[in-house]
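Read off the chains here:
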Amino acid sequence: METTKVVLTDHEIPRQWYNIQADLPKPMSPPLHPGTGKPVGPEDLAPIFPMNLIEQEVSRERWIDIPGEVLEKYLIWRPSPLCRARNFEKLLDAPVEIYYKNEGLSPAGSHKPNTAIAQAYYNKAFGVKRLSTETGAGQWGSALAMACRMFGLECRVFMVRVSYAQKPYRRMMMNIWGAECIPSPSDRTESGRQILAVHPDSPGSLGIAISEAVEDAVSRENSRYSLGSVLNHVLLHQTIIGLEAQKQFEKIGIYPDVVIGCAGGGSNFAGIALPFVRDKIHGKQVRIVGAEPTSCPTMTKGPFAYDFGDLAKKTPLLPMYTLGHDFVPAPIHAGGLRYHGMAPIVSHLLREGLIEAEAYDQIETFEAGIRWARTEGFIPAPETNHAIAAVVAEAWRAKEEGKKRTILFNWSGHGLVDQASYDAYLTGKLIPYTLPDEEIQRALKSIESFPKPQA
Ligand SMILES: Cc1ncc(COP(=O)(O)O)c(C=O)c1O
């Protein structure tokens, strides 16, 4: 019998996260304080995050121990299996072997608990009592709701309004885990009220929801903000995915030629990719590809620039590929990929040529997701469908070139509560959406006057 799943025992789970900052050939540009234009120090971030996470954010240590209490919670579903998609391979009939990490097996259904659990743990250890956050599709909000419950913290989630309407079951999951979920923009914060005054029907965006969540956190005692993507410490926690995959490949004596992940803020992509980027830095031949939507083409069309992480300019200026902080993407169904910026680490790697980026229209991503569901059975999240579309494109290239490839990708989450989006696709209601260049130029006006990152 051929191997379809490579599993690790509980005892083989990695005990440390990998920090790529220790191995970067060229250091990253620092985040800047918008007032002074100088690099932000840990104390600037202290009202927003607990100091133990700020230390991780700026750490240059290569390996960071995973605390025992975090490992204990990871073991509920981790190590996640490395699976071979034999049925999908047969359908494609191309010279490819396709392996994937199934992150949809977590209790909340995606990779997001890998950092939600770590962040809840560190906040609790620092004495924080309450977390607030934003969520796009609801995957992150539900993951943090669950993690807060596990560590006895209160949780308030600002959910992008269009997703709140499209995905009521995610809100219900948050409520089951005891969190409060509010559609954003809302009248609970000054940032939300300002948007509503001008755009009463605003579909919302992650940038707006982040402003609301940060404001909510900093205006209360014992409260902090938690972010589900983009930041260095979030990507760090996600490296458990790629580290497990490396151990699993070692067991079967294989090394992938291509590593793929979908990219919203960059965390699941980085989670699977960074340990392989380390190998690439040290001479290994491997291509690493992030897949994003054509409606929010941050890496494929945006410039590398300093920009705010949110609409109300409450975050530091981050060096990243961006479409401008006031960019509000079309209401595509992959809510978790509707973010104007890309993680500074991922942006840096793209700029240094260590990774590549591709963009896919939502129609072809759903086409790929349906093919997957009809062969492998699991129904992917709309975000994950972007990675599957990139796998399909890679398979066609292999066929055209007549060259065999081993592909690894991150199956970042299931779509069991995203049925409405599949229904829209199957009934022909889904529309293609490519962001027009004029719209990008308009959105980028907002960052023209900001400092520019070093070349
Ligand atoms: C299933 C799934 N995949 C991917 C993403 C994109 O986020 P990131 O780029 O941080 O992995 C999300 C975000 O909500 C998600 O829910």
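Just so it is clear, the model here is predicted, and its values are computed rather than measured.

Asks: Before we go on, may I ask you to explain the overall build of the chain in this structure?
Replies: Scanning the chain from terminus to terminus reveals 19 helices and 15 strands. For 455 residues, the compact-globule formula gives about 23 Å, and the C-alpha radius of gyration of the chain, at 20 Å, lands near that figure. By principal-axis analysis of the C-alpha atoms, the chain measures approximately 60 × 50 × 50 Å. Surface accessibility of the chain: about 16,800 Å² in total, with carbon and sulfur atoms responsible for 52%. Of the side chains in the chain, 48 bear a positive and 51 a negative charge, and the two mean positions are spaced by 2 Å.

Asks: Got a minute to help me understand the confidence of the model for the chain in this structure?
Replies: Reading predicted coordinates in detail is not appropriate for stretches of low pLDDT. Chain-level statistics for the chain give a pLDDT mean of 95 and a share of 100% at 70 or above. When pLDDT is averaged over each helix and strand of the chain, the minimum, 85, is found for helix α19 (residues 437–444) and the maximum, 99, for strand β2 (residues 16–18).

Asks: How should I be thinking about the environment of Ala-387 in this particular structure?
Replies: Within the secondary structure, Ala-387 sits in helix α17 (residues 382–401). A C-alpha to C-alpha distance of 30 Å links Ala-387 and Met-150, two positions 237 residues apart in sequence. Excluding residues within four positions of it along the chain, Ala-387 makes contact with Ile-260, Gly-261, Cys-262, Ala-291, Phe-409 and Asn-410.

Asks: How do you make sense of the packing of helix α2 (residues 51–58) against helix α5 (residues 113–126) when you look at a structure like this?
Replies: In a packed pair of helices, the relevant descriptors are the angle between the two axes and the axis-to-axis distance. Where α2 contacts α5, the two axes come as close as 8 Å, and the packing angle between them is 130°. Judged on the interaxial angle alone, α5 and α2 are oblique. Facing Met-51, Asn-52, Leu-53 and Gln-56 of α2, the residues of α5 in contact are Gln-119, Tyr-122, Asn-123, Ala-125 and Phe-126. Of the residues assigned to the contact of α2 with α5, the class counts are five nonpolar, four polar and no charged.

Asks: Hey, could you run me through the sheet that holds strand β9 (residues 223–225) in this one?
Replies: Strand pairs in the sheet, formed through backbone hydrogen bonds, run parallel or antiparallel to each other. Strand order in the open sheet formed by four strands is β8-β7-β6-β9, with parallel pairing between adjacent strands. Strand pairing shows two members of the sheet lacking a second neighbour, β8 (180–184) and β9, which therefore form its edges. Sheet twist, expressed as the average angle between the axes of neighbouring strands with direction ignored, equals 20°. Of the strand pairs in this sheet, strand β6 (residues 130–135) and strand β7 (residues 154–160) are connected by six bridges, and their pairing is parallel. Directly across from Ser-132, in β7, lies its bridge partner Arg-156.

Asks: Please explain helix α16 (residues 362–376) as it appears in this structure.
Replies: The end-to-end C-alpha separation of α16 is 20 Å, in line with the 21 Å expected for 15 residues at 1.5 Å each. Buried within α16 we find Gln-362, Thr-365, Phe-366, Ala-368, Gly-369, Ile-370, Trp-372 and Glu-376. A side-chain oxygen of the first residue of α16 lies 2.9 Å from the backbone nitrogen of Ile-363; this N-cap is Asp-361. Backbone geometry just downstream of α16 places Gly-377 in the positive-phi region, at approximately 90°.

Asks: Quick question: what am I supposed to make of the site of the ligand here?
Replies: If you check the shell around the ligand, you find 18 residues, and the closest are Ser-229, Gly-264, Ser-267, Asn-268 and Ser-412. In the environment of the ligand, an oxygen atom lies 3.2 Å from a nitrogen or oxygen atom belonging to the side chain of Lys-112. For the ligand, whose accessible area on its own is 390 Å², the fraction buried by protein is 98%.

Asks: Would you take a moment to explain the packing of aromatic side chains for this structure?
Replies: Ring pairs (aromatic) are described by centroid distance and by the angle formed between their planes. Within the structure shown, the criterion is met by 18 aromatic pairs. Ring plane angle 85° and centroid distance 4.9 Å describe the contact between Tyr-100 and Trp-372, whose orientation is recorded as edge-to-face. Here Tyr-100 is found in strand β5 (residues 96–102), whereas its partner Trp-372 is found in helix α16, with 272 residues between them in sequence. Look at Tyr-100 and you get buried, because its relative accessible area is 2%. Taking 5.2 Å as the distance between ring centres and 80° as the angle between the ring planes, the aromatic pair formed by Phe-366 and Tyr-422 counts as edge-to-face. Within this pair, whereas Phe-366 is found in helix α16, its partner Tyr-422 is found in helix α18 (residues 419–426), the two being separated by 56 residues in sequence.

Asks: What is the right way to look at the environment of Ala-393 in this model?
Replies: As for its placement among the helices and strands, Ala-393 is situated in helix α17. For Ala-393, a relative accessible area of 18% corresponds to the buried category. It is 43 Å that separates the C-alpha atoms of Ala-393 and Arg-193, two residues lying 200 residues apart in sequence.

Asks: How should I be thinking about the pattern of salt bridges in this particular structure?
Replies: When their charged atoms lie close together, side chains carrying opposite charge are able to pair. All chains considered together, the criterion is met by 28 salt bridges. A salt bridge links Glu-394 to Arg-405, with the nearest nitrogen and oxygen atoms 2.7 Å apart. With Glu-394 in helix α17 and Arg-405 in strand β15 (residues 405–411), this residue pair connects regions lying eleven residues apart in the sequence. Take Glu-394: its relative accessible area is 1%, and that puts it in the buried class. The exposure class assigned to Arg-405 is buried, which follows from its relative accessible area of 9%. One network of salt bridges, in which partners are shared, links Arg-287, Glu-356, Glu-358, Glu-394, Arg-397, Glu-401 and Arg-405.

Asks: So what exactly am I meant to see when it comes to the sheet that holds strand β10 (residues 258–262) here?
Replies: Here seven strands make up an open sheet; going across it, the order is β1-β4-β5-β15-β10-β11-β14 and the pairing mixed. Each end of this open sheet is capped by a strand with a single partner; those strands are β1 (5–6) and β14 (356–360). Here strand β11 (residues 287–293) pairs with β14 via five bridges, running parallel. What sits directly across from Gly-290, in β14, is Ala-357. Lying over the sheet, helix α12 (residues 240–252) contacts β1, β4 (82–84), β5 and β15, oriented at roughly 135° with respect to β5. The sheet strands contacting α17 are β5, β10, β11, β14 and β15, and the helix crosses β15 at an angle near 175°.

Asks: Would you explain α19 in this entry?
Replies: Residue pairs three or four apart in sequence face the same way in an α-helix, which turns once every 3.6 residues. Along α19, the positions that sit buried rather than exposed are Ile-440, Ala-443 and Leu-444. Down the axis, α19 shows its buried residues gathered within 95° of arc, on one side only.

Criteria and cut-off values
- Residues numbered from 1 in each chain as written.
- Predicted model: local features only at pLDDT ≥ 70, side-chain atom pairs only at ≥ 80, totals over all residues.
- Heavy atoms only, no water.
- Helix = DSSP H or I, 4+ residues; strand = E, 2+ residues; numbered from the N terminus.
- Rg over C-alpha atoms; globule rule 2.2 N^0.38 Å.
- Areas by Shrake-Rupley, 256 points an atom, 1.4 Å probe, with all protein chains shown as cover.
- Lys, Arg positive; Asp, Glu negative; His and termini not counted.
- Charge placed at Lys NZ, Arg CZ, Asp CG, Glu CD.
- pLDDT = per-residue confidence, 0-100.
- Contact = heavy atoms within 4.5 Å.
- Axes fitted to C-alpha atoms, helices over the stretch in contact; angles between N-to-C directions.
- Parallel < 35°, antiparallel > 145°, perpendicular 65-115°, else oblique.
- Nonpolar A, V, L, I, M, F, W, Y, C, P; charged D, E, K, R; others polar.
- Pairing = 2+ DSSP bridges.
- Expected span 1.5 Å × (residues − 1).
- Buried < 20%, exposed > 50% of the residue type's maximum accessible area, 1.4 Å probe, protein only.
- Polar contact = N/O pair within 3.5 Å; in protein donor to acceptor, adjacent residues only side chain to side chain.
- Near = heavy atom within 4 Å.
- Phe/Tyr/Trp six-rings, centres within 6.5 Å; stacked < 30°, edge-to-face > 60°.
- Salt bridge = Lys/Arg side-chain N within 4 Å of Asp/Glu carboxyl O.
- Arc of directions from axis to C-beta.

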